[in-house]
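This is what each chain is made of:
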Amino acid sequence: MQNIKTRFITHTVFFFLVYALMFYIVLRALNLVMTHDEAYSFYNVKHFWWVETLCTGNTHWFNFLAIKMAVMLGFEKASQLRWFSLLSSGVFLTVVYFWIKSLKDIPTKVFAFSFLLLNPFLVDYLSLARGYSTGLMFQSVSMLCYYIAVQKRNRGTATLALFCAGMAAIANFNFFYFFVAFSILYFLKYHFKQDFQFLKNKLFYLESVFALGITCTVVKALQFITTCSNDIGAYGGENLVESVFSGYVYTLVYHAYELPGSVIICLAYALFIVILITSVYGIWFSKKHRIGWYRFSSSVLLLMLGLCVFNKWCFGVLYPMDRTALMFYPLLALVLTGFFKSLLPKNKVKNALLYMASAILTFHFLCSVNITRTFDYWQQSDTKACFVYLDSIGAKKVGIAPELFGVYRNYYQLTEKQAFKFEGISINTAFPEGFDGTGKQLQELEYLVLFPPYNLSFYRKNTLRLKGINYYKNSGTLVVQILP
């Protein structure tokens with residue numbers, strides 16, 4: 001009776017923690033201003049041209065359709081455009097909760113929750129109108145369905161797992177690595193282990209057509225993006241560990257500390273070695289630990305990493321990093337948790353290690369809690385307040401730094417209720433030519449919105465005077481008035 005009561009209390013606590021996190025994610029979605037990439041997706045919805053929309057890796061298809069649906073219904077606030085990401089995040093967290101609930105010993109539950117969910121960078125993308133939360137949702141549901149299918153020997157649930165893996169690839173093309181790795185293991189288990197009997201199975205042909213269809217769709221889309229703009233070709237790294245695993249360390253730190261690059265690389269290699277050892281252990285000693293999801297997630301993770309290496313060596317595709325490496329993160333959590341779960345449950349050293357790691361992760365997460373700023377798009381955190389201020393003082397013509405102009409052009413000026421009265425012009429503060437190489441347009445403006453490092457050296461020969469009138473500490477955005 002005591003064990004039943006203890007489990008009930010434990011499950012209740014984790015239920016509260018998981019959905020308290022969901023509340024925090026919703027709160028962030030309601031308060032975060034529109035970010036650069038979200039704004040470009042909104043622009044493509046409002047000014048749809050299929051070539052421009054499909055020409056960029058910024059267009060995540062399900063997210064694009066969700067924004068389109070919101071706009072058609074008249075919902076254009078940033079929080080309203082994030083509705084599908086929040087729905088996806090809710091499903092993802094629910095799947096994670098049931099996984100944590102299935103774990104038996106409390107230290108492992110605490111570590112699983114802390115490592116997987118108390119990552120401020122992951123929380124960022126669960127809050128924004130991008131395709132990452134949707135990809136994570138389909139990935140988690142796919143893994144859950146596969147586990148249920150194996151445990152219950154339910155063939156229909158297995159097919160659903162394959163379908164969800166395919167939808168993850170469509171939701172975000174980075175998850176194509178997951179889909180391919182999952183499909184290889186899936187077909188090995190359900191078809192190719194049956195000699196040639198699978199050729200008599202109609203389901204084999206249906207699932208093969210589906211897998212081939214997803215593959216052709218994603219590959220063709222990536223080819224089109226590469227040919228059209230190649231805006232995905234430059235984002236990534238040349239080294240597996242220093243791209244994928246350094247990214248995990250760097251984003252987990254989340255601007256809280258300034259770690260030297262050498263320290264980040266050392267931690268990245270340490271994490272890589274730990275993941276490699278625990279993954280191999282999960283496969284090699286599967287008969288000993290008998291944790292099906294641990295073995296399967298280890299296999300999927302190693303296959304995904306192997307596919308990344310293959311793509312780099314054969315096609316020169318850069319390794320994923322930072323947000324594009326989020327597809328690995330749930331698998332990392334599964335592998336590490338599976339490893340600790342396979343050890344003796346009453347091992348004091350293991351339990352102490354898990355509690356200590358969980359405490360550090362929890363403390364760091366609590367220190368990073370905020371509802372106004374994200375890791376990747378912190379530059380835009382003051383844009384709305386800045387633009388509202390310019391409107392309030394009657395500005396008519398404003399030069400805007402490129403880090404902030406995209407949100408102005410692609411979002412605010414295209415909304416029906418949030419458009420600003422002043423005319424914004426992009427000023428290029430990254431190159432010495434400024435506007436047009438002469439700086440003549442500076443005389444036509446009343447104000448400048450600048451972003452650090454405030455490079456105005458190309459206007460040094462201009463006789464106009466500049467006066468700072470408003471400064472935003474959160475991002476460093478500076479409003480400058482142009483005086484004759």
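See the structure shown above.
Everything numeric in this text was worked out from a predicted model, so none of it was measured.

Conventions we followed
Residues numbered from 1 in each chain as written. Predicted model: local features only at pLDDT ≥ 70, side-chain atom pairs only at ≥ 80, totals over all residues. Heavy atoms only, no water. Salt bridge = Lys/Arg side-chain N within 4 Å of Asp/Glu carboxyl O. Helix = DSSP H or I, 4+ residues; strand = E, 2+ residues; numbered from the N terminus. Buried < 20%, exposed > 50% of the residue type's maximum accessible area, 1.4 Å probe, protein only. Contact = heavy atoms within 4.5 Å. Disulfide = S-S within 2.5 Å. Pairing = 2+ DSSP bridges. Lys, Arg positive; Asp, Glu negative; His and termini not counted. Core = buried A, V, L, I, M, F, W, Y, C linked by side-chain atoms within 4.5 Å. 1 Å grid on protein atoms, 1.4 Å probe; cavity = no way out; pocket = protein on both sides within 12 Å on 5 of 7 lines; lining within 4 Å. Points joined across faces, edges and corners; volume = space filled by probe spheres on them. Nonpolar A, V, L, I, M, F, W, Y, C, P; charged D, E, K, R; others polar.

A. The pattern of salt bridges, seen in detail. Using the criterion set out here, one finds 10 salt bridges in the structure. Residue aspartate 124 pairs with arginine 28 through a salt bridge whose shortest N-O separation is 2.4 Å. Taken together, the residues span a long stretch of sequence, with aspartate 124 in helix 8 (residues 120-127) and arginine 28 in helix 1 (residues 2-31) at a distance of 96 residues. By relative accessible area, aspartate 124 is classed as buried at 1%. Notably, a salt bridge pairs aspartate 105 with lysine 350, separated by 3.4 Å at the nearest N-O pair. Here aspartate 105, found in the loop between helix 6 (83-102) and helix 7 (106-117), pairs with lysine 350, found in helix 18 (residues 348-368); they are 245 residues apart in sequence, far enough to count as distant. As far as the burial class goes, aspartate 105 and lysine 350 line up, both buried.

B. Spotlight on unusual backbone geometry. The amide bond that connects proline 452 to the next residue, proline 453, takes the cis arrangement and shows omega of 15°. Here the phi dihedral of arginine 153 falls at roughly 55°; this positive angle occurs in a residue that is not glycine. Considering the arrangement of structural elements, one finds arginine 153 in the loop between helix 9 (132-152) and helix 10 (155-171). A relative accessible area of 78% means that arginine 153 is categorised as exposed. In this structure, arginine 290 takes a positive phi of about 55° despite not being glycine. Inspection of the secondary structure puts arginine 290 in the loop between helix 15 (286-289) and helix 16 (292-315). We classify arginine 290 as exposed; its relative accessible area is 74%.

C. Broad picture of helix 11 (residues 176-192). With 12 of 17 residues buried, helix 11 lies mostly within the body of the structure. Along helix 11, the residues that are buried comprise Phe176, Tyr177, Phe178, Phe179, Ala181, Phe182, Ser183, Leu185, Tyr186, Phe187, Tyr190 and His191. Along its buried surface, helix 11 packs onto helix 9, helix 10, helix 12 (202-228), helix 16 and helix 17 (329-342).

D. Structural detail: the state of the cysteines. Applying the stated criterion across every chain yields a total of one disulfide. Sulfur-sulfur distance for the disulfide between cysteine 55 and cysteine 228 comes to 1.8 Å. Linking cysteine 55 and cysteine 228, the disulfide has an S-S dihedral of approximately -105° and is accordingly described as left-handed. On the criterion of sequence distance, the pair formed by cysteine 55 in the loop between helix 3 (50-54) and helix 4 (61-72) and cysteine 228 in helix 12 is long-range, its members being 173 residues apart. With a relative accessible area of 10%, cysteine 55 lands in the buried category. Cysteine cysteine 164 remains unbridged, with the sulfur of cysteine 145 as its closest cysteine sulfur at 5.2 Å.

E. Local environment of the pairing of strand 5 (residues 477-483). The buried fraction of strand 5 amounts to six of the seven residues, a majority that puts the element mostly inside the structure. Two elements, strand 3 (residues 447-450) and strand 5, share four bridges in a ladder whose sense is antiparallel. Counterpart to tyrosine 447 in the pairing with strand 5 is glutamine 481. Where strand 4 (residues 465-472) meets strand 5, seven bridges bridge the pair, whose relative direction is antiparallel. Each bridged residue has a counterpart across the sheet, and for glycine 468 the counterpart in strand 5 is valine 480. With antiparallel pairing between neighbouring strands as the criterion, strand 4 and strand 5 make up a hairpin whose turn holds four residues, including glycine 476 at a positive phi of roughly 85°.

F. Here's a closer look at the side chain of aspartate 322. Mapping aspartate 322 onto the fold places it in the loop between helix 16 and helix 17. Although aspartate 322 lies buried, it forms no salt bridge, and the closest oppositely charged side chain, arginine 323, sits 6.4 Å away as judged by the N-O distance. Other than its neighbours up to four places away in sequence, aspartate 322 contacts Phe121, Tyr235, Gly247, Tyr250 and Thr251.

G. Summary view of the nonpolar core. The biggest cluster of nonpolar side chains holds 110 residues, and the ones touching the most others in it are Phe245 and Phe328. Val33, Tyr43, Ala395 and Val398 belong to the second-largest nonpolar core, a separate cluster that totals 34 residues.

H. Quick look at the layout of surface pockets. The computed volume of the largest pocket comes to approximately 1100 Å³. Lining the largest pocket are 38 residues, and of these Asn174, Leu222, Ile232, Gly233 and Val317 lie nearest its centre. Counting residues per element, the ones that place at least two in the lining of the largest pocket are helix 2 (36-46), helix 11, helix 12 and helix 16. Of the residues contributing to the lining of the largest pocket, the split by class is 19 nonpolar, 14 polar and five charged.

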